[in-house]
Structures are given as C-alpha cells and as structure tokens.
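Spelled out, the chains give:
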Amino acid sequence: RATEQDIRNFLGGFNFRGDRVFEAVEPFSGGEKARLALALVVYQRPNLLLLDEPTNHLDLDMRHALETALLGYAGAVVLVSHDRHLLSATCDSLLLVADGTCKAFEGDLDDYAKWLNNRDRRPREGGDPVQLDSRLRGNDGKQRRKAAADDRLLRTKVEKLDAQLNKLHVQLTALDARLADPALYANGRSEEASKLEREQRDVRAKVARIEEEWLAAADQLEAGS
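Within any chain, residue numbers begin from 1 and follow the written order of that chain's sequence. At least 70 in pLDDT is required for a residue's local features to be given in this predicted model, at least 80 for side-chain atom pairs to be given and counted, and no such filter applies to totals for whole chains, interfaces and linings, which use all residues. Excluded from the side-chain calculation are hydrogens and water; included are all heavy atoms of the structure.

A. Region of the structure containing the overall build of the protein chain. Broken down by element type, the protein chain carries eight helices and four strands. Exposure is judged per residue with a 1.4 Å probe applied to protein chains only, and the accessible area is read against the type maximum: over 50% gives exposed, under 20% gives buried, and values in between give partly exposed. Sorting the 225 residues of the protein chain into buried and exposed places 25% on the buried side. Two residues qualify as a contact provided that any one of their heavy atoms is within 4.5 Å of a heavy atom in the partner residue. Taking contacts inside the protein chain between residues at least 6 apart in sequence as the whole, the part at least 24 apart equals 51%. In this description, accessible areas are obtained by the Shrake-Rupley approach with a 1.4 Å probe, and a residue is regarded as covered only by the protein chains that are shown. Carbon and sulfur atoms form 53% of the exposed surface of the protein chain, whose accessible area is close to 15,900 Å². To qualify as a helix, a DSSP run of H or I must reach at least 4 residues; to qualify as a strand, a run of E must reach at least 2; elements of each kind are numbered from the N terminus.

Set out below in structure tokens:
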C-alpha cells in the first residue's frame, strides 16, 4: 500500500538515495548490507528487536541515526554491543553475563569497568598469597607472565585492527557517496568514475582481509580469557 515516494523516503533515511534503490545488493559493503538489513527489520515495525553489534561497520552518521531510531522505538530492545556510547544512550538496564550466569547488573558502564578490572586482578587459582607468590617465582610464574604478555599483545592487535577498520569504513563511505553522485556520470562513464571504482574494490578487499585478522585475534583472545 506504500507509494514509491514513501519507500524512497524511508530508504533515504538509511542513506540509500536516488538510483541506489535499484542497485544489486551483492556488491554492497559490510556497512551497506548492515544498513539494509536494519531497514528491512525496522520497516516491519516489530515489537521486539534483538540486536547483536548493530554498529559494526557503520559510519558515525549511521550510528547516530541508529541511536535516534532506537530512542524513538516503542518496542523492547535486547542489545549486545561494545559501543559504550550506544549502550549508555539507549539502554534502561544492563545484564551481566559472567561465570556461567546471567543476572541484572546494578550500576552503569563505569561500574562495569571497575568490576572487570577487579576481576582481572583476582588470582585465578586458590591458595594463600604466600603460596601464590612462591608459584610466581617458579616456572609457573614465568608461564603466567608470558601468558599475560601475550594477552596484552593480542589486545593491542585487536585495538589496532579495529582502528584500521574504522578508518577504512570512513574511506569506503566517502567513496560510495562519490560514486552515487549522478554528476560523476553526466558525460558517460568517466575515467574518474573508473578510478574510484578500482579504489572502492581495493578498500573493500582490505576491509575483508583485516576483518578476518580481527576475528581470528578476537577469538584467540576470548579463548585465552
């Protein structure tokens, strides 16, 4: 029952404007596919949203648009995310999943950071402090220090890869916007358009490669935690 203009206006809110509404989905970037998936879900007006890392691969404008949409959403939302700003802005309550349990967390994200820091400081094995200190001076202590060093290296690697992905997605969003500009094709398929398309393919390839590295490092980090 919707008119074409209604649908175009709706898609425009998710940054699919102009002739982009006729494009094939397969060559879309990860961020574009995420935006389209979110648009399809929101259009159905569900009373419950289950969102798992919804801001991954979204640029700043789309993150803001998602936050605004969630704040105006009348239904219930279960949100899993590492995006502290999104959690702080949209969540009414927090659930702590740890040590095989799930329970309500009394506090905010700053309190959670303190809880996490205190948990990491606790020794993982039982025994009195003297026994633990003795272990640290032996081979077990060397292994622990090596494991801790490896853990820090992995965390640093994940953070660096995450920063690289954010930069690449900003670059990809800019390229997508330039390629979507009708003026670029005013006099046929210009050399500039071809160059931009090659650059777009290169950036997408880099994103795919770094995403694989990020997932592998994150899985390794989680397995060691």
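B. Fine view of the pairing of strand β2 (residues 76–80). Pairing between strand β1 (residues 48–52) and β2: five bridges, direction parallel. Across the sheet, D52 pairs through a bridge with V80, a residue of β2. The path from the first strand over the helix to the second decides the hand: if it runs clockwise while the strands point away from the viewer, the crossover is right-handed. Following the chain from β1 across helix α3 (residues 60–71) to the adjacent parallel β2, one finds a crossover that is right-handed. Two strands are counted as paired when DSSP detects at least two bridges linking them.

C. Inspection of unusual backbone geometry at higher detail. For R45, which is not glycine, the phi dihedral falls at a positive 50°. Summarising the element assignment, R45 is placed in the loop between α2 (30–43) and β1. Positioned with a positive phi, D99 is a non-glycine residue whose angle comes to about 55°.

D. Spotlight on α2. Helix span is expected to be 1.5 Å times the residue number reduced by one. With 14 residues, α2 extends 20 Å between its outermost C-alpha atoms, agreeing within 8% with the 20 Å of an ideal straight helix rising 1.5 Å per residue. Residues of α2 that are buried: G31, E32, R35, L36, L38 and A39. Here the buried residues of α2 occupy an arc of 160° about the axis, which is enough to place them on one side. Just downstream of α2 lies R45, where phi reads positive at about 50°. What the arc describes is the spread of directions from the helix axis to the C-beta atoms.

E. Up close: the pattern of salt bridges. Between Lys or Arg on one side and Asp or Glu on the other, a salt bridge is scored when a side-chain nitrogen of the former is within 4 Å of a carboxyl oxygen of the latter. Under the definition given, this model contains nine salt bridges. Residues R84 and D110 are paired through a salt bridge, measuring 3.2 Å at the closest nitrogen-oxygen approach. Taken together, the positions of R84 in helix α4 (residues 84–90) and D110 in helix α5 (residues 109–121) put the pair 26 residues apart, joining distant regions of the chain. With relative accessibility at 41%, the residue R84 sits in the partly exposed group. Given the relative accessible area of 45%, D110 is considered partly exposed. With its nearest N and O atoms 3.3 Å apart, the salt bridge here joins R178 to E192. Of this pair, R178 sits in helix α7 (residues 139–179) while E192 sits in helix α8 (residues 191–224), and the two are 14 residues apart along the sequence. Owing to a relative accessible area of 43%, R178 belongs among the partly exposed residues under this scheme. Three or more residues joined by partner-sharing salt bridges are found here, namely R20, E23, E32, D176 and R204.

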